[in-house]
Amino acid sequence: MSRQKFYVAGYFIHFFLIATVATREFFWVLSQSRTIFSSSLNQTWRKAEEASSVALLQDPHTPSGLRQATATYLHLAGIESGYGFFAPNITGQCKLVFELHYPDGRTESAVPAVSSDASGLRVATLLDKIGWSKYDALREPIIKMFTQAAWREHRDATMIRAVLGMVVLPTIDEYENGIGSSNEFLYSYEYKFEPAAPKP
Amino acid sequence: MSRAQFARRRLLEFLFPQESDTWLSILRVGVAAQLLVFCFSIRSDWRYLLAASGGLSSRGLAEKILSLESVFVPRLGWFVNLGTQAGLNEQRVLAIVWFALTIAAFLLLIGLFCRTAAITAWLLHLATIKSGDFVAYGVDNFVTIALFYLMLAPLPDRYSVDARWRKFPAQDRHLLGFWRRVLQTHLCLIYFFGGIAKDVGVGWWNGEAVWRALIRPPFNLIPPQTLLHWKILFPAVGVATVILETAYPFLIWQKSTARTWLIGVLTMHIAIGAAMGMYLFALIMIVLNLAAFGPGVLWRQSKVTSNCRSYANTAAP
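Residues numbered from 1 in each chain as written. Chains lettered and ligands numbered in written order. Predicted model: local features only at pLDDT ≥ 70, side-chain atom pairs only at ≥ 80, totals over all residues.

Caption draft 1: Inspection of the pairing of strand 2 (residues 107-110) of chain A at higher detail. Residue and element names in this part refer to chain A. Looking at chain direction, strand 1 (residues 93-101) and strand 2 are connected through four bridges and run antiparallel. Bridge assignment links L100 to a residue of strand 2, and that residue is E108. Adjacent in sequence and paired antiparallel, strand 1 and strand 2 are bridged by five residues, among which G105 carries a positive phi angle near 95°. (Pairing = 2+ DSSP bridges. Helix = DSSP H or I, 4+ residues; strand = E, 2+ residues; numbered from the N terminus.)

Structure below.
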């Protein structure tokens, strides 16, 4: 195979993968979200999404080696996810609040703290991921990580309740009529901690 | 000439046009600047976001989930394990990774040891975002894409220190053209799929999505009261965004519309950066667009230097 043919083949394989990943995500969006299409089509979109996964060699029936090789390439090239940012609709933002309980009965509130706006955007992204995730098995350990990080900043607390909620955004009309953002409860988790030993 | 031969020739002409390396210089400098901003913007939270112990402690879980997909994708755990064998703790290894990534970005910026710097930057950045997958978002993927193409493209470009000081020979102009086509095609797919995903949402057609995007924390830099003064423009902005993105792959190639479309898309990204505080996202998209379509569309393409090599003579007309 000449060098030129190698480049041409690589071009087509690479863009087949990009287009298929993006198509798969598009079908996923259609099957999950409120769109201009009827919800009766959701099953069709789900099937189309599965077909895209088969084309990407990412379905469970594909031999493990082939599946891993494709997944590795997708990650190395940064093409493992699609491009439907802020689409089809813009959801509310998830928010995590800690309720810190101290042995003397005091309670305080806190939120995950980072030093910069850039890091804050990353933490907000994570909260959205876990807030919208259907998998409690993923959500719970991450909330626990956040809570442990918060406890390291407040080691006197003996119980922390982590409350995950969603900021419901008003429409333009609602805002003009004096209705602002509101908070909707999603999940709550409680963690108990041993009181920190007094400093010598 | 048969139809098949004609199609083959047209394909090769499309994929291997003769190009100067201006686009590659833009990509190298732009991505390096992006990486430097990335490194310094999360420097103080580097350990909080990426450590397996202390901080958010999400690295372990992120790497376990990554292993379910593939065990061959670079991750910080590899470096931490290597460091442990050398007697370094996790904290020290993470600091070294940050420092090495910053140095690689700086070398890339000035164009010294371009290829090595590009590969190092790609590897360390990829490992960082894969281990920090929970706190990663779209911009990280775009940087990976840019670094992936940069390390494969024919470096060094003529504005790099390598070319000027270390006297590297000029690059193959057809290969430069090929990698520019790759970047151009990728951008077309990005905008097309981004556009059609917005097309199917009602909010982008009536302006509600624009309002929600601007009041949604943490992007709510402009007070809602101020936004209300401009509410009449929201439907137009929403529709313009959808059209700009969906039609990008069709109109960016036409001589008559390319300039307008590129300026429109650049304006959109500048507005996103300024109004929503998504500076990193705006920067990488501007860099990718300028590298892919800037030379020849926004300004006249510099002439291909006569000492450029060419192997792809079959692509030439």
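Caption draft 2: Representation of the sheet that holds strand 2 of chain A within the structure. Residues and elements named next belong to chain A. Pairing is antiparallel in the open sheet, where four strands are placed in the order 2-1-3-4. A single partner strand is all that each edge strand has here, and the edge strands are strand 2 and strand 4 (182-192). Neighbouring strand axes in the sheet, compared pairwise and without regard to direction, differ in orientation by 25° on average. Pairing geometry for strand 1 and strand 3 (residues 159-168), over nine bridges, is antiparallel. Among the inter-strand pairings, E99 is bridged to a residue of strand 3, identified as R161. Along the sheet, helix 4 (residues 117-132) contacts strand 1, strand 3 and strand 4; its crossing angle with strand 1, the most-contacted strand, is approximately 95°. Strands in contact with helix 5 (residues 136-153) are strand 1, strand 2, strand 3 and strand 4; relative to strand 3, the strand with the most contacts, it is inclined by about 120°. (Axes fitted to C-alpha atoms, helices over the stretch in contact; angles between N-to-C directions. Contact = placed C-beta atoms within 7 Å.)

Caption draft 3: Examining the interface of chain A and chain B more closely. Listed per partner, the contact involves 60 residues of chain A and 58 residues of chain B. Contributions of two or more residues to the side of chain A that touches chain B are made by helix 1 (3-32), helix 3 (64-77), helix 4, helix 5 and helix 6 (172-176) of chain A. Sort the elements by how many residues they give to the side of chain A that touches chain B and helix 1 of chain A lands first, with 12 residues. Within the side of chain A that touches chain B, the residues separate by chemical class into 37 nonpolar, 18 polar and five charged. (Nonpolar A, V, L, I, M, F, W, Y, C, P; charged D, E, K, R; others polar.)

Caption draft 4: A look at helix 14 (residues 234-251) of chain B. Residue and element names in this part refer to chain B. In a regular helix each residue adds 1.5 Å, so 18 residues correspond to 26 Å; helix 14 covers 24 Å between its end C-alpha atoms and thus fits that length. By the largest-angle criterion, E245 marks the main kink of helix 14, which is about 30°, and a proline, P249, follows within four residues. Restricting attention to buried positions, one finds in helix 14 the residues F234, G238, T241, V242, E245 and Y248. At its buried positions, helix 14 is contacted by helix 10 (173-199), helix 11 (203-206), helix 12 (208-215) and helix 15 (255-276). (Expected span 1.5 Å × (residues − 1). Bend = angle between axes of the 7 residues up to and from the residue. Buried ≥ 20, exposed ≤ 12 C-beta atoms within 10 Å, placed from the backbone.)

Caption draft 5: Main features of the nonpolar core. Residues and elements named next belong to chain B. Counting 139 residues, the largest nonpolar core has V31, L108, A121, A146, I284 and L288 as the members making the most contacts within it. When residues in this core are grouped by element, the largest group, 13 residues, is from helix 10. With residues near it in sequence (within four places) discarded, A121 still touches L35, L101, A104, A105, L108 and L147. (Core = buried A, V, L, I, M, F, W, Y, C linked by C-beta atoms within 7 Å.)

Caption draft 6: View of the packing of helix 10 of chain B against helix 16 (residues 279-297) of chain B. Residues and elements named next belong to chain B. Running from amino to carboxyl end, helix 10 crosses helix 16 at an angle of 125°, the nearest separation of the two axes being 9 Å. As the angle between them shows, helix 10 and helix 16 are arranged oblique. Both helix 10 and helix 16 take part in a crossing whose hand is left-handed. Along the contact surface, helix 10 presents R180, L183, Q184 and L187, while helix 16 presents L288, N289, A291, A292 and F293. (Parallel < 35°, antiparallel > 145°, perpendicular 65-115°, else oblique. Left-handed = near helix turned anticlockwise from the far one by under 90°.)

Caption draft 7: Unusual backbone geometry, seen in detail. For the bond from B:L155 to B:P156, the omega torsion is 0°, close enough to zero to count as cis. Of the consecutive residues B:P217 and B:P218, the connecting peptide bond is found in the cis state with omega at 5°. The phi angle at A:L57 is positive, at roughly 60°, despite the residue not being glycine. Looking at the element boundaries, A:L57 is found in the loop between helix 2 (42-55) and helix 3. Judged by the 17 C-beta atoms lying within 10 Å of it, A:L57 falls in the partly exposed class. Positioned with a positive phi, B:F113 is a non-glycine residue whose angle comes to about 50°. Within the element layout of this structure, B:F113 appears in the loop between helix 6 (90-110) and helix 7 (114-131).

Caption draft 8: Representation of the environment of B:L227 within the structure. All names here are of chain B. Its location among the elements puts L227 in helix 13 (residues 224-228). Under the C-beta neighbour-count criterion, L227 is labelled partly exposed, with 19 such atoms within 10 Å. Between the alpha carbons of L227 and I103 there is a distance of 42 Å; along the sequence they are 124 residues apart.

Caption draft 9: Main features of the confidence of the model for chain B. When pLDDT is averaged along chain B, the result is 92, and 95% of the positions lie at 70 or above. Note on residues 306-317 of chain B: pLDDT is under 50 here. Beyond four places in sequence and across chains, it has 23 contacts. (pLDDT = per-residue confidence, 0-100.)

Caption draft 10: Spotlight on the packing of helix 6 of chain B against helix 7 of chain B. Residue and element names in this part refer to chain B. Relative orientation of the contacting elements helix 6 and helix 7 amounts to 140°, with a least axis distance of 8 Å. Between helix 6 and helix 7, the angle falls in the class oblique. The handedness of the crossing between helix 6 and helix 7 is left-handed. Across the interface between the two elements, V97, A100, L101, A104, A105, L107 and L108 from helix 6 touch C114, A117, A118, T120, A121, L124, H125 and T128 from helix 7. Among the residues forming the contact of helix 6 with helix 7, the class breakdown is 12 nonpolar, three polar and no charged.

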